[in-house]
Amino acid sequence: MKNAIVVGAGMVGVATAIHLQQRGWSAALLDRKEPGCETSYGNAGIIQSEALRPYPMPLDWRELAKIATGRTNDVRYRLAALPHHLSPLFRYLWHSFPARHARVSSAYAEIIAYSAREHEHLIRESGARNLIRRDGFRVLHREQAALDAAVAAAKGLSETYGVKFSVMTSRDLKKAEPALTDGGIGGLHWLEPWSVSDPGALVSAYADLFTRLGGCILRGDAQSLVQRSGGGWSILTENGRIEAEAVVIALGPWSPDLLKRFGYLFPMVRKRGYHRHYVGGSSLDLPLCDEAGGYVLAPMTKGMRITTGAELAKPNGKPDLTQLTHAEQAARKLIDLGRPVEPEPWLGTRPCMPDMMPVIGRAPRHCGLWLHFGHGHQGFTLGPVTGRLIAELMSNQAPIVDPIPYRPERYLRIPIYSGRVFRLEAGHRSDLEPATIPK
Ligand SMILES: Cc1cc2nc3c(=O)[nH]c(=O)nc-3n(C[C@H](O)[C@H](O)[C@H](O)COP(=O)(O)OP(=O)(O)OC[C@H]3O[C@@H](n4cnc5c(N)ncnc54)[C@H](O)[C@@H]3O)c2cc1C
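Residues numbered from 1 in each chain as written. Predicted model: local features only at pLDDT ≥ 70, side-chain atom pairs only at ≥ 80, totals over all residues. Heavy atoms only, no water.

Secondary structure summary: the protein chain contains 11 helices and 25 strands in total. Its C-alpha radius of gyration of 22 Å places the protein chain within 12% of the 22 Å reference for a compact globule of 439 residues. C-alpha atoms of the protein chain, sized along the principal axes, occupy 70 × 45 × 45 Å. Within the span of the protein chain, comprising 439 residues, buried residues form 54% of the whole. (Helix = DSSP H or I, 4+ residues; strand = E, 2+ residues; numbered from the N terminus. Rg over C-alpha atoms; globule rule 2.2 N^0.38 Å. Buried < 20%, exposed > 50% of the residue type's maximum accessible area, 1.4 Å probe, protein only.)

Right, dumping it as C-alpha cells:
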C-alpha cells in the first residue's frame, strides 16, 4: 500500500488526506494544532460557487488612490510593511491586467464549478448537513455606480456560466432581513452559494470522516520534515518519528516558509483578515457583504461574525484593529449588533499566489514531495476539489480538471538537461512568472 503524510490540517490538508485514503493510500495527517483551527476556522464560511473569477488587483487609478489614502476599508496597508509585499504585489498586478486575468479566470471557473459538488460528497459522508445552508448570501450597496457595476458583472457571469442571482431593492433587503434597519440602496442576492454556521466544525467533521476511513491524525511540527537518504520522507510527531514515501505540503500561508528549506522560493501575497463574534443583539438570516463597508456579517454558531477585508501587514506584525473597528461601526448602523464575544479578535492570513491560482502538483526537484497551497480568498470553497485533484495526480488517475494552470513550475525556472544542453522548463511561456532562481 502506498503511504503519504499530509502536513497541515486546514480545509485543504484534510480534504487531501480523505481523497488519498479513498484512493487506497495509507495517509497520516499532521498538524501542530487540532484540525481546522487556523485560516479554515476564521473565514466567512461561504462556499462560493459564484466566485468564478478570482479577485484581481484594482487597475483603476481612483480605486488605487482610495487604497493609497486609506479611504476604503476592504484593503489596508501599513507603509512599513510594504517592502515585504512589493515583489509579490507587483506580480499580482501583472496578472491582474484583463487578458491575463481572463486566462486565469477560465481555469478558475472550471474548478470552482466542481467545488460545491465535491463538498456535497464530504458533507453527506461526514454527516455535517446541520452546518450548511444552501440559500446563498446577499450584498448590500450604498452607491449607485457600485451597484450598477456589480449588476453588470453578475449579468456577465450569468450569461457565461449560468450563475443565478437576483437584484434587490432596499425594501427587498429589509423584507428579507427584518433585522436590518438600513437596506442601503439595495443590492444582490447570489442564490447558489452555501454558507456554513461554523467553518472550523466543518473541517473537524471532515477530519472525523478521514479517521473513520482508516486515516490517522498526529500532532507535530512540519519543520521537522526531512528527506531520507534511502528515499521517502520522515517527520517527528508527538508519538515519535513516522516515515512515508510521499509528503504533501498543505500548510496554507505557512507553506513557503517550510519550502524555503528545500530550495523552493514561492512568492505569496499574504492578506491578513480579522473576525469577531457579537451576541445579545439581532441576527441576520443569511450572510451579508456590506460592499462599501468592506466586510461580511455572517450568522454563526458563536454569534454574528464580522470578517474584514485584506490587510497587508508585516509578517508577525501586531494586530491593527482599524478595519475591524470601521466594520463594526458600519455594521452597527445596519443592525443591533450586541456585544463582542471575544476580548481579542481572531486574525488569520489568506494565502494568495500572485497569479491568484493555488499551487498543486509535484515538487520538481524532490521525489515524493507534493505541493498543495495558495488558495487565497476561496480555500474554504476549493479545498475538497483541489484535494481530489492532487490525490488523482498522486495516484496516476485522470484528473478532474487540467492540472497545468496549477503546476508549481510556473514559479520556478528549473534547469533541465535534455540532449546536450540545459534549458529552462518549458510550459505556457507567455504565462511564465518573472523567474525566481532557487538557491
Ligand atoms: C477573513 C477571511 C475570510 C475568508 N472567507 C472565505 C470564504 O468565505 N470562503 C472561502 O472559500 N474562503 C475564505 N477565506 C479563505 C480561506 O479561509 C483560506 O483560503 C483557507 O482556509 C486556506 O486553507 P488551508 O488549509 O490552505 O490553510 P489553513 O486552514 O491555515 O491550514 C494550514 C494548517 O497548517 C498548520 N501548520 C502551520 N504551520 C505548521 C507547522 N509548522 N507544523 C504543523 N502544522 C502547521 C496550521 O495549524 C493549519 O491547521 C477567508 C479567509 C480569511 C482570512
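What follows covers the sheet that holds strand S23 (residues 369-373). Strand order in this open sheet of six strands is S10-S2-S1-S14-S23-S22, and the pairing throughout is mixed. Lying at the two open borders of the sheet, with one neighbouring strand each, are strand S10 (216-219) and strand S22 (359-362). With direction set aside, neighbouring strand axes in the sheet form an average angle of 20 degrees. Sheet analysis places S22 next to S23, joined by four bridges and oriented antiparallel. Counterpart to Gly 361 in the pairing with S23 is Leu 371. Set on the sheet, helix H11 (residues 379-394) makes contact with strand S1 (3-7), strand S14 (246-249), S22 and S23; between it and S23 the angle comes to about 165 degrees. (Pairing = 2+ DSSP bridges. Axes fitted to C-alpha atoms, helices over the stretch in contact; angles between N-to-C directions. Contact = heavy atoms within 4.5 Å.)

Another point: the side chain of Thr 237. Assignment of secondary structure puts Thr 237 in strand S12 (residues 233-237). Relative accessible area serves as the criterion here: at 8%, Thr 237 is assigned to the buried category. Separated by 2.9 Å, the side chain of Thr 237 and the backbone nitrogen of Asn 239 make a polar contact. Separated by 2.6 Å, the side chain of Thr 237 and the backbone oxygen of Gly 240 make a polar contact. Discounting residues that sit within four places of it in the chain, Thr 237 has contacts with Leu 30, Leu 218, Arg 219, Gly 220 and Ile 242. (Polar contact = N/O pair within 3.5 Å; in protein donor to acceptor, adjacent residues only side chain to side chain.)

What follows concerns the nonpolar core. By size, the foremost hydrophobic cluster in this structure holds 74 residues, and its most contacted members are Leu 20, Trp 190, Leu 202 and Met 394. Of all the elements, helix H5 (residues 98-126) adds the most residues to this core, at nine residues. In this structure, Trp 190 is in contact with Glu 50, Asp 135, Gly 136, Phe 137, Val 139, Ala 154, Leu 157, Val 163, Lys 164 and Phe 165, ignoring residues within four places of it in sequence. Of all hydrophobic cores here, the second largest spans 27 residues; its members include Ala 244, Leu 258, Val 359 and Tyr 411. (Core = buried A, V, L, I, M, F, W, Y, C linked by side-chain atoms within 4.5 Å.)

Now for the site of the ligand. Close to the ligand lie 32 residues, the nearest being Asp 31, Thr 39, Ser 40, Gly 376 and Thr 381. Within the side chain of Ser 40, an N or O atom sits 2.5 Å from an oxygen atom of the ligand. A distance of 2.8 Å separates a nitrogen atom of the ligand from a polar backbone atom of Ala 222. Bound to the protein, the ligand loses 98% of the 1,000 Å² it would expose on its own. (Near = heavy atom within 4 Å. Areas by Shrake-Rupley, 256 points an atom, 1.4 Å probe, with all protein chains shown as cover.)

Distances and angles like these do not, on their own, reveal function.
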